[in-house]
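Report on the structure
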Amino acid sequence: MLEYNYFMIPASNDLLFNTFMGVKYLYSDILENTDEFILLLNNLLNPIVLGSGSNTLFSSDFIDKDIIITSKMDKFEINENILCVECGVKSAMIANKLAQLGLSGLEFLIGFPARFGGAIYQNAGAKGQTISDTFCSAQVFDLINKQIIELNKEDMLFDYRKSILSDKKYVL
């Protein structure tokens, strides 16, 4: 788990994540697109989903959950002034790309280590700006009903460093 957290804290079950012998497994190298992500979410019970682990500390005890790393889900497109991103896109990279194109609104993300999914999850912000200022909608997976739903800005219940994603069983 060292490579999945910025503080480089080892977890006692690092070896179990690299084998199929353990009850739980780390899904990272196999996950590269939305279809694979949905398949995992449909088949796993309450997994932990991480991007880059930039805001995560791991326990040194056994983690009795499946962990999905979304950092390879890094596709994005910009159509006119609308940005569509997968959850694993680096926030700082997107901020730089938009600035190069003369688009504004996400400049505050330039120094953020988070992936875009994490930035939305916690309504990241700095210098008086937040993700919710420019957010339109997101597709999330409802872990309870096992379906994809679309949430608009009002549905997200954004607040200071918070969104509905921290209260519901939704995965971005």
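Anything mentioned here points back to the structure above.
We now turn to the structure provided with this report.

Analysis parameters
Residues numbered from 1 in each chain as written. Predicted model: local features only at pLDDT ≥ 70, side-chain atom pairs only at ≥ 80, totals over all residues. Heavy atoms only, no water. Helix = DSSP H or I, 4+ residues; strand = E, 2+ residues; numbered from the N terminus. Buried < 20%, exposed > 50% of the residue type's maximum accessible area, 1.4 Å probe, protein only. Contact = heavy atoms within 4.5 Å. Areas by Shrake-Rupley, 256 points an atom, 1.4 Å probe, with all protein chains shown as cover. Salt bridge = Lys/Arg side-chain N within 4 Å of Asp/Glu carboxyl O. Core = buried A, V, L, I, M, F, W, Y, C linked by side-chain atoms within 4.5 Å. Pairing = 2+ DSSP bridges. Disulfide = S-S within 2.5 Å.

As a further point, take the overall build of the protein chain. Summing up its helical and strand segments, the protein chain has 3 helices and 10 strands in all. What you see in the protein chain, going N to C, is helices and strands ordered as β-α-β-β-β-β-α-α-β-β-β-β-β. Taken over 172 residues, the protein chain has a buried fraction of 42%. Relative to all contacts within the protein chain whose residues are 6 or more apart in sequence, the contacts with residues 24 or more apart total 50%. Carbon together with sulfur atoms contributes 53% to the accessible area of the protein chain, which is approximately 9,900 Å² in total.

So, on to the environment of Leu-165. Position of Leu-165 among the secondary structure elements: in the loop between strand 9 (147-152) and strand 10 (170-171). According to the relative accessible area criterion, Leu-165 is buried, its value standing at 3%. Between the C-alpha atom of Leu-165 and that of Val-140, which follows or precedes it by 25 residues, the distance is 8.9 Å.

Pairing is possible between side chains of opposite charge, provided their charged atoms come close. Evaluated as defined, the whole model comprises 1 salt bridge. Lys-162 serves as the salt-bridge partner of Asp-167, at 3.5 Å between the closest nitrogen and oxygen. Looking at Asp-167, the relative accessible area reads 54%, which means it is exposed.

The topology assignment puts Gln-147 in strand 9. Sequence separation of Gln-147 and Leu-41 is 106 residues, and the distance between their C-alpha atoms is 9.5 Å. Apart from residues no more than four positions distant in its own chain, Gln-147 is found in contact with Val-140, Phe-141 and Asp-142.

Ranked by size, the top nonpolar core spans 22 residues in total, and within it Leu-106, Leu-109, Phe-116, Ile-120, Ile-131, Met-156 and Leu-165 carry the most contacts. Counting residues per element, the ones that place at least two in this core are helix 2 (91-100), helix 3 (116-121) and strand 8 (137-142). One finds Leu-31, Ile-38, Met-73 and Val-171 within the second-largest nonpolar core, a separate group that totals 13 residues.

In this structure, strand 8 lies alongside strand 9, joined through 6 bridges in antiparallel fashion. Opposite Ala-138, over in strand 9, you have Leu-151 as the bridge partner. Remark: 4 residues form the turn of the hairpin made by strand 8 and strand 9, two consecutive strands paired antiparallel; Lys-146 in that turn has positive phi of roughly 55°. Pairing of strand 8 with strand 10, which is carried by 2 bridges, proceeds in the antiparallel orientation. Across the sheet, residue Phe-141 finds its bridge partner in strand 10, namely Val-171.

Next up on the list: the state of the cysteines. The final tally for this structure, using the stated rule, is 0 disulfides. Unpaired in this structure, Cys-84 has its nearest cysteine sulfur neighbour in Cys-136, at a distance of 8.9 Å.

We now examine the side chain of Ser-91. Residue placement: Ser-91 occurs in helix 2. Once residues within four sequence positions are removed from consideration, Ser-91 is found in contact with Leu-109, Phe-112, Ala-114, Arg-115, Phe-116 and Ala-119.

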